[in-house]
There are 2 protein chains.
Amino acid sequence: MHILFCADGTKAAPWVEALRVALPQHDIEDWQPGAPAADHAVVWSPPQQFFDEQPRLKGVFNLGAGVDALLKLRLPPPATVVRIDDGGMAVQMAEFVCHALIRHFRELDAYEDDIQQGKWSYRKPRSRTDFTVGIMGLGVLGQRVAQAVQHFEFPVLGWSRTAKELPGARCFTGAEQFDDFLAATRVLVCLLPLTPETEGIMNARTLARLQPGGYVINVARGGHLVEEDLLPLLANGHLAGATLDVFRTEPLPAGHPFRNHPKITVTPHTSARTLREETVAQIARKLTAFERGEPIAGVVDRERGY
Amino acid sequence: MHILFCADGTKAAPWVEALRVALPQHDIEDWQPGAPAADHAVVWSPPQQFFDEQPRLKGVFNLGAGVDALLKLRLPPPATVVRIDDGGMAVQMAEFVCHALIRHFRELDAYEDDIQQGKWSYRKPRSRTDFTVGIMGLGVLGQRVAQAVQHFEFPVLGWSRTAKELPGARCFTGAEQFDDFLAATRVLVCLLPLTPETEGIMNARTLARLQPGGYVINVARGGHLVEEDLLPLLANGHLAGATLDVFRTEPLPAGHPFRNHPKITVTPHTSARTLREETVAQIARKLTAFERGEPIAGVVDRERGY
């Protein structure tokens, strides 16, 4: 089999080397324009030209869990698109979300600021039963985040497009139960795929339905949040703050109102990084199973968008 | 039964009220000098005068897990000293330690600083297998912290005075295994009771044995750390940083070198706060069982010091 690697903004050599070690029976090359037709591709944000030149691809293995950018390209019609379903990302998401949740719940930002200003002050402890965490998106990542949040004894709710179950958590399904989910949620965690249905799902109307003192943690895609709708809800105090790892435009432009906002913690799309070792091992397993005609996890429904 | 409440720096009225609700058959009063002799006391940092005036006390119920300050007083010889063994504190410890661990491991301080300076940068992801967490003290709090750290898939080691077991973790016991424990540890978490044996246990010699890039999280007592020994190890880079919640002198004095140190995160002894509701319920259960002559958890061995 001939496999091409094509990843924007990533040094190709160590990936190609690792893939060659994991799949020694295959011929693996870093893509250059005009390369001969390949059977499979391992990609991250490839240019349209890549797919235009590769009409025979059977499998397109994406180096991340989110395929929204990939599906905006014209792909070879017969190609099966496969995404990473964990690759060490789930535990990273769990720790990133728990860090943001604990930091907010325990007011650690404020305590550290006090210390820096020479103060030594106590705040009234808050009750974790008042901090219901509502998780949107209950795939591999959402389920893992729910487990971690439950480990710290916070009440957890889940919401997803199709009915899902989470042990120990109440789950809501579809558009008709969305408002009830929001009304019961204080800390909203977004782990949805970005699709036409979920674009802008966090907006003035939906965020206003969160409990007073609500908090937003977005670790999915910038497109899920209507950015200009967040600021008035922070200003009028309905929302207490937000931790945002993803943005409509990345890098977040200089002068963007989220930069240096006292109630917004910004991180540079780092909540769950693709780890080479785990990812290469997973792609090698999936590609081998796919070639044998065996079922594999993470096959993208292009119609549905994830 | 006559029960006195005596807590320094705490508003007595809501505690006395909550204790009366939980123990309606008993007579419960806030202590005033000269009060009649009582059967039991619920205390936090009481003055020596309190015990001098109350020689008949059978039970002394401490509002926290640490009894080091209490045992420095002259107590009525027959009194049984009982400490809180959880009271909602274990989950708070778990979240405080995990927050500090994740913040260090994921370099979130540095990412947030970059953003504030207008940067948008990536750091090479670190491998969690390189961040072995060594927990000193394996009581209720240490065990709970170990579980939480394991939930995020960090390797965990434990050390305690007497042999203990932690599921999924290698445990070390006593002075003879202490150096091996330190040598295998990168992130050191102190949850020990403060006793003459553990006073100054974190010092130049022991901290130098941690793995390069070591990190210290002290959530026990300030007396466990020889404060002046920490700074040279941070300066020479052997230690990467520390999160300290407790200090030799609290509040931490103005001008103390830990304040505003770029590698030290200081919080004002807030890692696990005594929560009134849980604590009162636990004291009521223990006091009732104690009166019936039933065994109870948290009885302090005054000789041992915890």
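Predicted model, so just to flag it, every value in this text is computed and none were measured.

Quick notes on the rules
Residues numbered from 1 in each chain as written. Chains lettered and ligands numbered in written order. Predicted model: local features only at pLDDT ≥ 70, side-chain atom pairs only at ≥ 80, totals over all residues. Heavy atoms only, no water. Helix = DSSP H or I, 4+ residues; strand = E, 2+ residues; numbered from the N terminus. Rg over C-alpha atoms; globule rule 2.2 N^0.38 Å. Buried < 20%, exposed > 50% of the residue type's maximum accessible area, 1.4 Å probe, protein only. Contact = heavy atoms within 4.5 Å. Lys, Arg positive; Asp, Glu negative; His and termini not counted. Charge placed at Lys NZ, Arg CZ, Asp CG, Glu CD. Salt bridge = Lys/Arg side-chain N within 4 Å of Asp/Glu carboxyl O. Buried area = accessible area lost by both parts, 1.4 Å probe. Polar contact = N/O pair within 3.5 Å; in protein donor to acceptor, adjacent residues only side chain to side chain. Pairing = 2+ DSSP bridges. Axes fitted to C-alpha atoms, helices over the stretch in contact; angles between N-to-C directions. Right-handed = clockwise from strand over helix to strand, strands pointing away. Parallel < 35°, antiparallel > 145°, perpendicular 65-115°, else oblique. Left-handed = near helix turned anticlockwise from the far one by under 90°. Least-squares fit on C-alpha atoms with pLDDT ≥ 70 in both. Phe/Tyr/Trp six-rings, centres within 6.5 Å; stacked < 30°, edge-to-face > 60°. Lys NZ or Arg CZ within 6 Å of the ring centre and 35° of its normal. Domains from an automatic or database assignment. Nonpolar A, V, L, I, M, F, W, Y, C, P; charged D, E, K, R; others polar. Core = buried A, V, L, I, M, F, W, Y, C linked by side-chain atoms within 4.5 Å.

Attention now goes to the overall build of chain A. The number of helices and strands found in chain A is 9 helices and 12 strands. Taken against the 2.2 N^0.38 rule, which gives 19 Å for 306 residues, the C-alpha radius of gyration of chain A at 21 Å falls within 12% of a compact globule. Buried residues in chain A amount to 57% of all 306 residues. Of all intrachain contacts in chain A linking residues separated by at least 6 positions in sequence, the fraction that spans at least 24 positions is 60%. With 32 positive and 36 negative side-chain charges, chain A shows a separation of 4 Å between the mean positions of the two kinds.

Quick look at the pattern of salt bridges now. Working definition: two side chains of opposite charge can pair if their charged atoms are close together. Scanning all chains against the criterion turns up 36 salt bridges over all chains. R205 of chain A is the partner of D179 of chain A in a salt bridge, and the nearest nitrogen-oxygen pair spans 3.1 Å. Note that D179 of chain A is positioned in helix α6 (residues 178-183) and R205 of chain A in helix α7 (residues 204-208), a separation of 26 residues in sequence. Judged by relative accessible area, R205 of chain A falls into the partly exposed class, the value being 44%. A salt bridge links E291 of chain B to K58 of chain B, with the nearest nitrogen and oxygen atoms 3.3 Å apart. Linking E291 of chain B in helix α10 (residues 276-291) with K58 of chain B in the loop between α2 (48-52) and β4 (59-62), this pair joins segments that are 233 residues apart in sequence.

What follows concerns the interface of chain B and chain A. Chain B puts 47 residues into the contact, and the matching count from chain A is 47 residues. Interface of chain B and chain A: buried area, both sides summed, is about 4300 Å²; carbon and sulfur atoms make up 60% of it. Taken as a group, E95, W120 and P268 of chain B account for 18% of the area that chain B buries against chain A, more than any other trio of residues on that side. For the pair chain B and chain A, the interface holds 6 salt bridges. Its salt-bridge partner being R128 of chain B, residue E95 of chain A comes within 2.9 Å of it at the nearest N-O pair. Counting every contact that joins chain B to chain A gives 25 residue pairs in polar contact (both at pLDDT 80 or more). Looking at the side of chain B that touches chain A, the elements that each hand over two or more residues are α4 (89-105), α5 (108-116), α6 (140-151) and β12 (264-266) of chain B. If you tally residues by element for the side of chain B that touches chain A, the top one is α4 of chain B, at 10 residues.

Right, let's get into the sheet that holds strand β5 (residues 80-83) of chain A. Note: strands within a sheet are paired through backbone hydrogen bonds, in either parallel or antiparallel orientation. Residue and element names in this part refer to chain A. Strand order in the open sheet formed by 5 strands is β2-β1-β3-β4-β5, with parallel pairing between adjacent strands. In the strand order of this sheet, the two ends are held by β2 (27-30) and β5, each with one partner. In this sheet, adjacent strand axes meet at a mean angle of 20 degrees when their direction is disregarded. The strands touched by helix α1 (residues 12-22) are β1 (2-7), β2 and β3 (40-44); relative to β2, the strand with the most contacts, the crossing angle is about 175 degrees.

Residue and element names in this part refer to chain A. As defined by bridge partners, β1 adjoins β2 across 4 bridges and the pair is classed as parallel. In the sheet register, I3 faces β2, and the bridge partner there is I28. Once the chain exits β1 it traverses α1 before rejoining the sheet at β2, and the crossover so formed is right-handed.

All names here are of chain B. α10 packs onto helix α1 (residues 12-22) with a crossing angle of 45 degrees between their chain directions and a minimal axis gap of 10 Å. Between α1 and α10, the crossing angle belongs to the class labelled oblique. Between α1 and α10 lies a crossing of right-handed hand. Listed contacts from α10 to P14, W15, A18, L19 and A22 of α1 are R276, T279, V280, I283 and A284.

Take the relation of the copies chain B and chain A next. Rotating chain B by 180 degrees and moving it 0.0 Å along the rotation axis overlays it on chain A with an RMSD of 0.1 Å. These values place the two chain copies in the arrangement generated by a two-fold rotation axis. Every residue of chain B has its C-alpha some distance from the rotation axis, and the shortest such distance is that of H99 of chain B, at 2.6 Å. Comparing contact sets, 100% of the residues at the interface of chain B also lie at the interface in chain A, consistent with an isologous, same-surface contact.

Before going further, it helps to spend a moment on the packing of aromatic side chains. Aromatic ring pairs are defined here through the distance separating the ring centres and the angle between the ring planes. All chains considered together, the criterion is met by 23 aromatic pairs over all chains. On the basis of an interplanar angle of 75 degrees and a centroid distance of 5.9 Å, the ring pair of W120 of chain A and F247 of chain B is categorised as edge-to-face. Of the two residues, W120 of chain A is situated in the loop between α4 (108-116) and β6 (133-136) and F247 of chain B in the loop between β11 (239-244) and β12; the pairing between them involves two chains. Summarising the aromatic geometry, the rings of F172 of chain B and F181 of chain B are spaced 5.8 Å apart at their centres and angled 65 degrees between planes, so their arrangement reads as edge-to-face. A single burial state applies to F172 of chain B and to F181 of chain B, both of which are buried. Taken together through their ring pairs, the aromatic side chains of W159, F172, F178 and F181 of chain A make up a single cluster. Above the face of the Y111 of chain B ring, R123 of chain B is positioned so that its terminal group lies 5.3 Å from the ring centre. Lying over the aromatic face of F154 of chain B, R128 of chain B brings its terminal NZ or CZ to 5.2 Å of the ring centre.

Residues and elements named next belong to chain A. By domain assignment, chain A separates into domain 1 (2-87 + 275-291) and domain 2 (89-266). Taking the mean C-alpha position of each, domain 1 and domain 2 sit 32 Å from one another. Each partner contributes to the interface: domain 1 provides 10 residues, whereas domain 2 provides 7 residues. Carbon and sulfur atoms make up 52% of the surface buried where domain 1 meets domain 2, a total of about 660 Å² over both sides. When the buried area of domain 1 at its contact with domain 2 is split by residue, D68, D85 and D86 rank highest and sum to 58% of it. Along the contact surface separating domain 1 from domain 2 lie 1 salt bridge. Measuring nitrogen to oxygen at the nearest pair gives 2.9 Å for the salt bridge that ties D68 to R221. Looking at side-chain class alone, the side of domain 1 that touches domain 2 contains 4 nonpolar, 3 polar and 3 charged residues.

Residue and element names in this part refer to chain B. The strand order β2-β1-β3-β4-β5 describes an open sheet built from 5 strands, whose pairing is parallel. The open sheet has two edge strands, β2 (27-30) and β5 (80-83), and neither has a second partner. Each strand of the sheet is rotated relative to its neighbour by a mean of 20 degrees, with strand direction disregarded. One ladder, built from 4 bridges, connects β4 with β5; its direction is parallel. Directly across from N62, in β5, lies its bridge partner R83. Across the sheet, α1 lies against β1 (2-7), β2 and β3 (40-44), angled at about 175 degrees from β2, the strand it touches most.

This part covers the nonpolar core. Formed by 107 residues in total, the largest nonpolar core has its most connected members in F5, I135 and F152 of chain A together with F5, I135 and F152 of chain B. With sequence-adjacent residues up to four places away left out, F5 of chain B is seen in contact with A12, W15, V16, L19, E29, D30, W31, V42 and L63 of chain B.

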